[in-house]
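Listed below, chain by chain, are the residues.
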Amino acid sequence: MRRTVAVGVVLSILGLAIGVGAWASHGARPATAARTAIDPHVAAGAHDFVQFACAACHGSLGRGGVSPFVPALAPIGKSLTVAQLTRIITHGLGESKNPKRPFMPVWGPVISKTQVADLVTYIRAGLPPVKYATPIPIPGNQGPVVAGMAAYVHYGCINCHGPNGLGGVPNPQAPDKAVPPLSGQDFRKEFNTDAKILEFIRSGSVIGKPPITSMPHWGGIIPNWQLKALVAYLKTLK
Ligand code: HEC
Ligand code: HEC
């Protein structure tokens, strides 16, 4: 009896060893690894690049071509240090009190240090394509509310103004200590015409120096029909 158990144990250990051996040799096959493996930090950076709408201003894969005021990022390569890139993303660039053209927003209060580090890794890796890291499409034939709902995510409004425009995203150094809601009575009272809402999105508004995050200038970046769609969508919120 005991002997059978012992043989069984020896056999299963042997089986395990063979299994591990097979797994290890499979994992080490260079051809497969090269085709499927991607540095998780590069992958995370690519998804952050889409989620925070970097791609909406700097173009898909940072190739530019959206606005003459927004540079392409692909040519940067390693010419900017990790510290320089981290500072630009956290503190913004080119913001003026009265924005007349797009500026690089201050992301410090909105994007975590880990996410900024992944973005920097992604930019220094040359912004390669990463599967599924693509912006949500904005349908042109499903009515303005649907287009506006998609644009709200596509352009990353949701990161600063929250889901359904509920606001409340912390902006500690700003007078209100938070990014304002785009819903509710106060908003509706102040922004009581389509033109007022549209003009604010187009022009942006600088409420203070970094580390305060301000409303980006979207003129020349978001086409007019999508600005109108955003307004239509905001008017469907609570
Ligand atoms: C609303 C448009 C907009 C968005 C969104 C945006 N940027 Fe920018 N970004 C700019 C503009 C405009 C500049 C150029 C500022 C200047 O030089 O005055 C810039 C500059 C930069 C630079 C410096 C480029 C250089 O060659 O000096 C980096 C790096 C950068 N952005 C990264 C990002 C990342 C990462 C994101 C997403 C988290 C992002 N940007 C989102 C508009 C934008
Ligand atoms: C980087 C963060 C950020 C992003 C991204 C952003 N906003 Fe804003 N937005 C702000 C801040 C901060 C204010 C407050 C500005 C002020 O009080 O002058 C604001 C104000 C507004 C206002 C006026 C509301 C009020 O009470 O002052 C509207 C409308 C608005 N944003 C719409 C949008 C839309 C639409 C998008 C996407 C296309 C967007 N925002 C993207 C930060 C952001």
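Everything in this summary refers to the structure shown in the same document. (Residues numbered from 1 in each chain as written. Chains lettered and ligands numbered in written order. Predicted model: local features only at pLDDT ≥ 70, side-chain atom pairs only at ≥ 80, totals over all residues.)

It is worth spelling out the overall build of the protein chain at this point. Helices and strands together make up the secondary structure of the protein chain, namely 11 helices and zero strands. For the protein chain, the succession of helices and strands along the chain, N to C, is α-α-α-α-α-α-α-α-α-α-α. (Helix = DSSP H or I, 4+ residues; strand = E, 2+ residues; numbered from the N terminus.)

Bringing the packing of helix 3 (residues 40-51) against helix 6 (residues 113-124) into the picture now. Packing of helix 3 against helix 6 leaves a shortest axis separation of 7 Å and a crossing angle of 100°. The pairing of helix 3 with helix 6 is recorded here as roughly perpendicular in orientation. Two secondary-structure elements touch here, helix 3 through H41, V42, A44, G45, A46, D48 and F49 and helix 6 through Q115, D118, L119, T121 and Y122. Grouping the amino acids of the contact of helix 3 with helix 6 by side-chain chemistry returns six nonpolar, four polar and two charged. (Axes fitted to C-alpha atoms, helices over the stretch in contact; angles between N-to-C directions. Parallel < 35°, antiparallel > 145°, perpendicular 65-115°, else oblique. Contact = placed C-beta atoms within 7 Å. Nonpolar A, V, L, I, M, F, W, Y, C, P; charged D, E, K, R; others polar.)

Looking now at the site of ligand 1. The environment of ligand 1 is formed by 24 residues, the closest being C54, C57, G94, M104 and P216. Elements that contribute at least two residues to the shell around ligand 1 include exactly helix 4 (54-58) and helix 5 (82-91). Counting residues per element, the shell around ligand 1 draws most heavily on helix 4, at four residues. Along the lines of polarity and charge, the residues of the shell around ligand 1 split into 22 nonpolar, two polar and no charged. (Near = placed C-beta within 6 Å.)

Ligand 2 sits among 24 residues. The nearest are C157, C160, P180, S205 and M215. Secondary structure elements with two or more residues in the shell around ligand 2: helix 8 (157-161) and helix 10 (194-203). Top contributing element to the shell around ligand 2 by residue count: helix 8, with four residues. Considered class by class, the residues forming the shell around ligand 2 number 17 nonpolar, seven polar and no charged.

So, about the nonpolar core. Counting residues in hydrophobic clusters, the biggest one holds 44 residues, and the most contacted among them are F49, A53, L119, I123, A151 and L230. A per-element tally of this core places helix 11 (residues 224-234) first, with six residues. Both domains that meet at this core, namely domain 1 (40-124) and domain 2 (144-234), each give it at least three residues. The contacts of L230, once residues within four sequence positions are left out, are G148, A151, Y152 and I201. (Core = buried A, V, L, I, M, F, W, Y, C linked by C-beta atoms within 7 Å. Buried ≥ 20, exposed ≤ 12 C-beta atoms within 10 Å, placed from the backbone. Domains from an automatic or database assignment.)

A separate point is the environment of V110. Along the chain, the position of V110 falls in the loop between helix 5 and helix 6. Owing to 18 C-beta atoms within 10 Å, V110 belongs among the partly exposed residues under this scheme. Sequence-wise, V110 and V169 are 59 residues apart; in three dimensions their C-alpha atoms are separated by 7.6 Å. Apart from residues lying up to four places away in sequence, V110 is in contact with N159, C160, V169 and T213.

Turning our eyes to something else, we now look at the environment of A150. Looking at where A150 falls in the secondary structure, it is placed in helix 7 (residues 144-154). Sequence-wise, A150 and P139 are 11 residues apart; in three dimensions their C-alpha atoms are separated by 7.7 Å.

What follows concerns unusual backbone geometry. Cis geometry marks the peptide bond from P210 to P211, where omega comes out at 10°. You can see P211 is positioned in the loop between helix 10 and helix 11. The backbone of Y132 sits at a positive phi, close to 70°, despite the residue not being glycine. Mapping Y132 onto the fold places it in the loop between helix 6 and helix 7. Backbone geometry at K177 places phi at a positive 65°, although glycine is not the residue there. Structurally, K177 is set in the loop between helix 8 and helix 9 (184-190).

Our next topic: helix 6. For helix 6, spanning 12 residues, the distance from its first C-alpha to its last is 16 Å, which sits close to the expected 16 Å at 1.5 Å a residue. Taken together, the buried positions of helix 6 are V116, D118, L119, V120, Y122 and I123. Against the buried residues of helix 6 lie helix 3 and helix 5. In the segment just after helix 6, G126 is the residue with positive phi, at about 90°. (Expected span 1.5 Å × (residues − 1).)

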